[in-house]
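# Fold and contact review
Listed here are the chains, written in short residue letters.
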Amino acid sequence: MNHDRIHAREPDHHVDRWERGQIEALEERDGHCVVTVRADDGECVELTVTFAVRDLFVGRLDLDGGSPVGETVWYRVRGG
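Residues numbered from 1 in each chain as written. Predicted model: local features only at pLDDT ≥ 70, side-chain atom pairs only at ≥ 80, totals over all residues. Heavy atoms only, no water.

### Some remarks on the pairing of strand β5 (residues 72-76)
The line we're drawing: Three labels apply to residues, based on accessible area from a 1.4 Å probe with only protein chains included: buried if under 20% of the type maximum, exposed if over 50%, partly exposed otherwise in between. Secondary structure follows DSSP: runs of H or I at least 4 residues long count as helices, runs of E at least 2 residues long count as strands, and numbering of each begins at the N terminus. Pairing between two strands is assigned when DSSP locates at least 2 bridges connecting them.
The element β5 is extensively covered by neighbouring structure, given that four of its five residues are classed as buried. Where strand β1 (residues 5-7) lies against β5, three bridges are found, and the strand directions are antiparallel. Bridge pairing links Ile6 to Tyr75 in β5. Here strand β2 (residues 19-29) runs beside β5; their pairing, made up of four bridges, is antiparallel. By the bridge assignment for β5, Gln22 is matched with Thr72.

### Looking at the packing of aromatic side chains
How we decide: For Phe, Tyr and Trp, rings pair up if their centres lie within 6.5 Å, where Trp contributes its six-membered ring, and each pair is then called stacked (planes under 30 degrees apart), edge-to-face (over 60) or tilted (otherwise). Counting as a charge over the ring demands two things of the Lys NZ or Arg CZ atom: a distance within 6 Å of the ring centre and an angle within 35 degrees of the ring normal.
Per the stated rule, a full pass over the model turns up zero aromatic pairs. Taking NZ or CZ as reference, Arg76 lies 5.2 Å from the ring centre of Trp18, over its face.

Written out as structure tokens, the structure is:
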């Protein structure tokens, strides 16, 4: 399975390849983490990432123990 890409901070490389959006939801599906992101154009995108990637980007968000829902992330759809 190809996994999508997601960052908690704005990338400084190939910036034209990344989209920005806000996390709507995180859930587990088929042994992967599915992150629903609302893009700046209003469309919702489902990103499939490993739990290790989820832990990495969520750990880099300034949450103060709260939920990542509503936080801004940068992403690239690669899955299929």
